[in-house]
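Close look at the chain arrangement
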Amino acid sequence: MSAPTQAIPELRGFLHGLPGVDRVGAEARAAMLASRSIKTTAKQWALDTAISMIDLTTLEGQDTPGKVRALCAKAKRPDPADPAAPMVAAVCVYPDLAHVAAAELKGSGVHVASVATAFPSGRTSLEVKLADVKYAVSAGADEVDMVIDRGAFLAGDYQLVFDEIVAVKQACGPAGQAGGAHLKVILETGELVTLDNVRRASWLAMLAGADFIKTSTGKVTPAATLPVTLVMLEAVRDFRESHGRQVGVKPAGGIRTAKDAIRYLVLVNETAGEDWLDPRWFRFGASSLLNDLLMQRTKLMTGRYSGPDYFTLD
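Everything numeric in this text was worked out from a predicted model, so none of it was measured. Per chain, the residues get numbers from 1 upward, laid out in the order the sequence is written. For this predicted model, a pLDDT threshold of at least 70 governs which residues receive local features, and a threshold of 80 or more governs which side-chain atom pairs are given and counted, while totals over whole chains, interfaces and linings are taken from all residues. The basis for the side-chain values is all heavy atoms of the structure; hydrogens and waters are excluded.

1. What about the overall build of the protein?
Put simply, the test is: A run of DSSP states H or I qualifies as a helix once it reaches four residues; a run of E qualifies as a strand once it reaches two. Both are numbered from the N-terminal end. For the radius of gyration, the atoms used are the C-alpha atoms, and the globule rule reads 2.2 Å times the number of residues raised to 0.38. Exposure classes here rest on a 1.4 Å probe applied to the protein chains alone. A residue is buried below 20% of its type maximum, exposed above 50%, and partly exposed in between. Every residue pair with non-hydrogen atoms within 4.5 Å of one another is taken to be in contact. Residue-level accessible areas treat just the shown protein chains as cover; the underlying method is Shrake-Rupley with a 1.4 Å probe. Residues scored as positive are Lys and Arg, those scored as negative are Asp and Glu, and His as well as the terminal groups of each chain are ignored. By convention, the point assigned to a charge is CZ for Arg, NZ for Lys, CD for Glu and CG for Asp.
What the protein contains, in helices and strands, is 12 helices and 8 strands. By the compact-globule yardstick of 20 Å for 314 residues, the protein fits well, its C-alpha radius of gyration being 19 Å. Dimensions along the principal axes, computed over C-alpha positions, put the protein at roughly 60 × 45 × 30 Å. Classification of the 314 residues of the protein by burial places 55% in the buried group. Here the analysis covers contacts within the protein between residues at least 6 apart in sequence; of these, 75% occur between residues at least 24 apart. Surface summary for the protein: the accessible area is close to 13,300 Å², and the carbon and sulfur share equals 52%. Of note, the protein has its 34 positive side-chain charges centred 4 Å away from the centre of its 35 negative side-chain charges.

Structure, rendered in structure tokens:
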């Protein structure tokens, strides 16, 4: 489904007309769901599913082509000793390294994701942002993670944020086709202050054509949290019901352990439903998470830990 060409009438009125979020209730529900345990057979499925949902990420100033190649090798074969271990969903890099990832991952089924629009701040002109997106896509990225203008959003200039997402969506080209990319819109929820703002930003991004809504850049604290992700999952669930289009969710930043990942999977199942328990609709933005999932997977299969030194550091 293509992005709309103009905002819905009375965008501000619509966003401020959304039901308010009960912060205490959201936190209590997230905590309750996080306390649930799962059986051994379900845990095996959960670990493999979580691995398949990872956007394996390196977004540092010291990134090199060699580091990206090593990350791509790990993405395709997370556990060198076990070819049955699933591949991750994508490798996420800066635009200037997207061509390296694209060459390494060609034909593997692992996606190439690239951050754009002056990540992580978003503080530049729309012209520069669109050039950033087009550069990433031309380099081989088939997924683009953009950041919204949080300053404009917090100042109440929703139309500006909407129009930028529409323009970036168009710059991505037709998603799922050659030369096109899916668009993940990063809300940077740690800067949005309230859960009401998280709900409004989620709906704004979806109305503008986002294929995914993402919590964070990973550069701001707090990053992903269960209550924030709960609100976003409610938003995509309600958006599909009202608009007939399914949108994915990607929590990113601070998710480091298998236990954390399983908590999010329970949250997805109980909030949005089973339809979202698929890498097409739910992702983890992470780097260190994969190693813990692999260690827990080995423990479940062999009865012993392989130890953190067994797997490469990212």
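2. Quick word on the pairing of strand β2 (residues 90-93)
Our working definition: A pair of strands is considered paired only if DSSP assigns at least 2 bridges between the two. By the criterion used throughout, a crossover qualifies as right-handed when its path from the first strand across the helix to the second strand runs clockwise, the strands pointing away from the viewer.
Judged by which residues are buried, β2 turns out to be covered on both faces: A90 and C92 on one side and V91 and V93 on the other are all buried. Pairing analysis gives 3 bridges linking strand β1 (residues 54-57) to β2, with the strands arranged parallel. Paired with D55 across the two strands is A90, which belongs to β2. For the handedness criterion, the β-α-β arrangement of β1, helix α4 (residues 65-76) and β2 is classed as right-handed.

3. Examining the sheet that holds strand β8 (residues 284-286)
Basically, it comes down to this: Every angle, taken between N-to-C directions, lies between 0 and 180 degrees, and every axis is a line fitted to C-alpha atoms, over only the stretch in contact when it is a helix.
Here we have 8 strands laid out as an open sheet, ordered β7-β6-β5-β4-β3-β2-β1-β8, and parallel in their pairing. Each edge of the open sheet carries a strand with a single partner, namely β7 (248-250) and β8. Ignoring which end each strand starts from, the neighbouring axes of this sheet average 25° apart. Against the sheet, helix α8 (residues 158-172) makes contact with β4 (143-147) and β5 (182-186), and its axis sits at roughly 150° relative to β5, the strand it touches most. Strands in contact with helix α10 (residues 226-243) are β6 (212-214) and β7; relative to β7, the strand with the most contacts, it is inclined by about 170°.

4. What to know about helix α5 (residues 98-105)
Where α5 is concerned, the buried positions are A98, V100, A101, A102 and L105. On its buried face, α5 is in contact with α4, β2, β3 (111-115) and α6 (126-138). Trailing α5 by a residue or two, G107 shows a phi angle of about 80°, which is positive.

5. A look at the side chain of T215
Going by this rule: Polar contacts here mean pairs of N or O atoms no more than 3.5 Å apart (in protein, one a potential hydrogen donor and the other a potential acceptor; neighbouring residues in sequence count only if both atoms are side-chain atoms).
Topologically, T215 is positioned in the loop between β6 and α10. Since its relative accessible area comes to 0%, T215 is described here as buried. Within the structure, T215 has its side chain in polar contact with the backbone nitrogen of A252 (distance 2.9 Å). Sequence-distant contacts of T215, defined by excluding residues within four places in its chain, comprise I186, L187, E188, T189, A224, V228, T229, M232, K250, P251 and A252.

6. A word on the confidence of the model for the protein
Convention followed: Per-residue confidence from the prediction method is given by pLDDT, with values spanning 0 to 100.
Scored by pLDDT, the protein has a mean of 94; 94% of the residues are at 70 or more. Below pLDDT 50 for its whole length, residues 1-5 participates in 9 contacts with residues either more than four positions away or in separate chains.

7. Observations concerning the side chain of S114
Here S114 lies in strand β3. With relative accessibility at 0%, the residue S114 sits in the buried group. A polar contact is formed between the side chain of S114 and the backbone oxygen of V93, at a distance of 3.2 Å. Residue contacts for S114: discarding those within four places in its chain leaves V93, Y94, P95, A98, A136, A141, E143, V144 and D145.

8. A short note on the state of the cysteines
To be explicit about the condition: Count a disulfide wherever a pair of cysteine sulfur atoms falls within 2.5 Å.
Per the stated rule, a full pass over the model turns up 0 disulfides. For C92, which is in no disulfide, the shortest distance to another cysteine sulfur is to C72 and amounts to 11 Å.

9. So, the environment of V231
For V231, the location among the structural elements is in helix α10. When the C-alpha atoms of V231 and D22 are compared, they prove to be 9.9 Å apart, with 209 residues separating the residues in sequence. In this structure, V231 is in contact with V21, L195, V198 and R199, ignoring residues within four places of it in sequence.

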